[in-house]
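A closer look at the structure
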Amino acid sequence: MTAELADSGTPHLPPVRTIGELRAALTMGYGFPGDSDEFEAELAREINHADPADLSGVVRLVEEFRGRIIARQDPGFDAAVATAAAEIRAVRGTEH
């Protein structure tokens, strides 16, 4: 990691270049709660229903869970979700 990355507060992400690395990262808790089990179930479903010549569903799934890992590790993610939820409540005229 460069000094610039460390200074910017960017979290260190594990490698997720392969399905094995993605599985390991999810197992270590880098995604959202339940992501590891959800990924395994959806991966099995995609593989079992995929045409061997078209694994685009598996690719889509891998991309989705890579994105979930990146989002969950982003230091501004929780604040962005809280802000959006507050804005929705304000528009609806509700509290909490």
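As shown above, the structure is provided for reference.
Please read these numbers as outputs of a predicted model, since none were measured by experiment.

What follows deals with the side chain of E42. Inspection of the secondary structure puts E42 in helix α3 (residues 35-49). Although E42 is buried, it forms no salt bridge, and the closest oppositely charged side chain is R60 at an N-O distance of 4.6 Å. Excluding residues that lie within four positions of it along the chain, E42 makes contacts with L61 and F65.

The next point concerns the environment of P14. When you line up the elements, P14 lands in the loop between α1 (3-8) and α2 (19-27). If we skip the residues at most four places from it in the chain, P14 touches A25, M28 and Y30.

What follows concerns the packing of α2 against α3. Remark: α2 packs on α3, axes separated minimally by 8 Å, with the N-to-C direction vectors making an angle of 145 degrees. Contacts from I19, L22, R23, L26 and T27 of α2 reach α3 at D35, S36, F39, E40 and L43. For the contact of α2 with α3, the class distribution of residues is 5 nonpolar, 2 polar and 3 charged.

Between its terminal C-alpha atoms helix α4 (residues 56-73) stretches 26 Å, which fits the 26 Å expected from 18 residues at 1.5 Å a residue. When we look at burial in α4, the residues that qualify are G57, V58, L61, V62, F65 and I69. Buried residues of α4 fall within an arc of 135 degrees about the axis and therefore sit on the same side. Buried residues along α4 sit against α2 and α3.

Another aspect to go through is α3. With 15 residues, α3 should reach 21 Å at 1.5 Å per residue; the first-to-last C-alpha distance of 21 Å fits that figure. When α3 is considered as a whole, its buried residues turn out to be D35, S36, F39, E42 and L43. The buried side chains of α3 occupy one side of the element, clustering within an arc of 135 degrees when seen end-on. Residues D37, N48 and H49 are exposed on α3 and point more than 90 degrees away from its buried face. Tucked into the core, α3 has its buried residues touching α2 and α4.

The rules behind these values
- All chains use their own residue numbering, which begins from 1 and follows the written sequence.
- At least 70 in pLDDT is required for a residue's local features to be given in this predicted model, at least 80 for side-chain atom pairs to be given and counted, and no such filter applies to totals for whole chains, interfaces and linings, which use all residues.
- To get the side-chain values, all heavy atoms of the structure are used, and hydrogens and water are removed first.
- Helix numbers and strand numbers start at the N terminus; a helix is a DSSP run of H or I with at least 4 residues, a strand a run of E with at least 2.
- Under the scheme applied here, a residue whose accessible area is under 20% of the maximum for its type counts as buried, over 50% as exposed, and between as partly exposed, the area being computed with a 1.4 Å probe on protein chains only.
- Positive charge is attributed to Lys and Arg, negative charge to Asp and Glu, and no charge count is given to His or to the chain ends.
- Throughout this description, the term salt bridge denotes a Lys or Arg side-chain nitrogen within 4 Å of a carboxyl oxygen of Asp or Glu.
- Residue contacts are defined here by distance: any two heavy atoms, one from each residue, within 4.5 Å place the two residues in contact.
- Angles shown run from 0 to 180 degrees and are taken between the N-to-C directions of axes, each axis being a line fitted to C-alpha atoms and, for helices, limited to the stretch in contact.
- Under this grouping Gly is polar, as are all residues other than the nonpolar Ala, Val, Leu, Ile, Met, Phe, Trp, Tyr, Cys and Pro and the charged Asp, Glu, Lys and Arg.
- Multiplying 1.5 Å by the residue count of a helix minus one yields the expected span of that helix.
- Relevant arc is that of directions from the helix axis to the C-beta atoms, nothing else.

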